[in-house]
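Remarks on the overall topology
Each chain is listed here by its residues.
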Amino acid sequence: MEIRELSIPGSFEITPKQFPDDRGVFLEYYRFDKLAEAVGHPLDLKQANTSISKRGTVRGIHFADVPPSQAKYVTCTRGAVIDYVIDIRVGSPTFGQWDSVRLDDVDRKAIYIAEGLGHCFVALEDDSTVSYLCSTTYAPGREHGVKPTCSTIGLEFPFPVEELLLSPKDTEAPGLNTAKEQGILPDYEACLAFYAELNEGAK
């Protein structure tokens, strides 16, 4: 597999090598050693999630308090989504910026999103099925969100805003600047210290 760091530090695009034959296709979509080599430490898998979404469904922007936050390794096993990683770490040189990867059942790419980064995706087809490998279990009291249609961030969606399907929680989430004022966003230096701790523990 090929692993490429995205423009947001701490996020990576993973492109697996596929082996097709007359029976179908085989591939490795996750390798802990390859990912650890790129990231600096292995993904300590604690939970796996699956979501199935209608066309136009937006999930995110979601993140969790650091530490421990929640690193995610995300792939789309059916259909297609545009997956976004957003730098919401206050003090980061790329604060407020984002990058994206198309995840689908053709190229079968994955994306790794480090602790402290925001995550969001939009489904391009009905029944788009997304699977997440997570470094920690879900902790409602530590989970937060930023409105995915926040104009300050300016995510570029493939559909008009009025066609997007958002949960009430995501619709009512604060914009980036308000979230910063509320003090709920991760601190960049704290994230770096946490990453260093994880990397040291991997030695």
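None of the values given here were measured: they were computed from a predicted structure.

Attention now goes to the overall build of the protein. Summing up its helical and strand segments, the protein has four helices and 13 strands in all. The C-alpha atoms of the protein give a radius of gyration of 16 Å, which matches the 17 Å a tight globule of 203 residues would have. In the protein, 80% of the contacts between residues at least 6 apart in sequence involve partners at least 24 apart. When the 20 positive and 31 negative side-chain charges of the protein are each reduced to one mean point, those points stand 3 Å apart.

Here the focus is the sheet that holds strand β13 (residues 143-145). Strand pairing in a sheet is mediated by backbone hydrogen bonds. Such pairs are either parallel or antiparallel. Across the sheet, five strands lie side by side as β9-β8-β11-β6-β13; this open sheet has antiparallel pairing. At either margin of the open sheet sits one strand with a lone partner, and together these are β9 (98-104) and β13. Sheet twist, expressed as the mean angle between neighbouring strand axes with direction ignored, is 25°. Pairing of strand β8 (residues 80-86) with β9 involves seven bridges; the strand directions are antiparallel. Paired with Val85 across the bridge in β9 is Asp99.

Our focus in this paragraph is the packing of aromatic side chains. In total, this model carries six aromatic pairs according to the counting rule given. Between Tyr84 and Trp98, the ring centres sit 5.6 Å apart and the planes meet at 65°, which makes this aromatic pair edge-to-face. Residue Tyr84 is found in strand β8, and its partner Trp98 is found in strand β9; the two are separated by 14 residues along the sequence. With relative accessibility at 1%, the residue Tyr84 sits in the buried group. Taking the relative accessible area as the measure of exposure, Trp98 reaches 23% and is therefore partly exposed. Consider the rings of Phe121 and Tyr132, whose centres lie 6.5 Å apart with planes at 50°: the pair is tilted. Separated by 11 residues along the polypeptide, Phe121 in strand β11 (residues 118-123) and Tyr132 in strand β12 (residues 128-134) bring together distant segments of the chain. Owing to a relative accessible area of 11%, Tyr132 belongs among the buried residues under this scheme.

The subject of this paragraph is helix α1 (residues 32-39). Three or more residues of α1 are buried, namely Leu35, Ala36 and Val39. Around the axis of α1, the buried residues are gathered within 100° of arc, so they sit on the same side. Against the buried residues of α1 lie β1 (2-5), β2 (11-15), β7 (72-78), β10 (110-113) and α4 (188-201).

What follows covers α4. Over its 14 residues, α4 extends 20 Å from the first C-alpha to the last, a length consistent with the 20 Å expected when each residue adds 1.5 Å. Those residues of α4 not exposed but buried are Tyr188, Cys191, Phe194 and Tyr195. Relative to the axis of α4, the buried residues are bounded by an arc of 120° and lie together on one face. Residues of α4 that are exposed and angled more than 90 degrees away from the buried face: Glu189, Glu197 and Gly201. Between the side-chain oxygen of the N-cap and the backbone nitrogen of Glu189 there are 3.1 Å, and the N-cap of α4 in question is Asp187.

Take the sheet that holds β10 next. Taken in spatial order, the six strands line up as β1-β2-β10-β7-β12-β5 in an open sheet, and their pairing is antiparallel. Every interior strand has two partners, whereas the edge strands, β1 and β5 (47-53), have only one. Here the average twist between neighbouring strands, direction ignored, is 20°. In this sheet, β10 lies alongside β7 in antiparallel orientation, the contact comprising four bridges. Each residue of the ladder has a partner; that of Thr75, found in β10, is Ala110. Against the sheet, α1 touches β1, β2, β7 and β10, its axis set at about 25° to β1.

Turning our eyes to something else, we now look at the pattern of salt bridges. Under the defined criterion, the tally for this structure stands at 10 salt bridges. Among the salt bridges present, the one from Arg31 reaches Asp33, with a minimum N-O distance of 2.6 Å. Looking at Asp33, the relative accessible area reads 30%, which means it is partly exposed. Asp44 is paired through a salt bridge with Lys46; the nearest N and O atoms lie 3.4 Å apart. Under the relative-accessibility criterion, Asp44 is labelled partly exposed at 47%. For Lys46, a relative accessible area of 49% translates into the label partly exposed. Counted as one network, the salt bridges with shared partners bring together Arg4, Glu13 and Lys109.

The rules behind these values
Residues numbered from 1 in each chain as written. Predicted model: local features only at pLDDT ≥ 70, side-chain atom pairs only at ≥ 80, totals over all residues. Heavy atoms only, no water. Helix = DSSP H or I, 4+ residues; strand = E, 2+ residues; numbered from the N terminus. Rg over C-alpha atoms; globule rule 2.2 N^0.38 Å. Contact = heavy atoms within 4.5 Å. Lys, Arg positive; Asp, Glu negative; His and termini not counted. Charge placed at Lys NZ, Arg CZ, Asp CG, Glu CD. Pairing = 2+ DSSP bridges. Axes fitted to C-alpha atoms, helices over the stretch in contact; angles between N-to-C directions. Phe/Tyr/Trp six-rings, centres within 6.5 Å; stacked < 30°, edge-to-face > 60°. Buried < 20%, exposed > 50% of the residue type's maximum accessible area, 1.4 Å probe, protein only. Arc of directions from axis to C-beta. Expected span 1.5 Å × (residues − 1). Polar contact = N/O pair within 3.5 Å; in protein donor to acceptor, adjacent residues only side chain to side chain. Salt bridge = Lys/Arg side-chain N within 4 Å of Asp/Glu carboxyl O.

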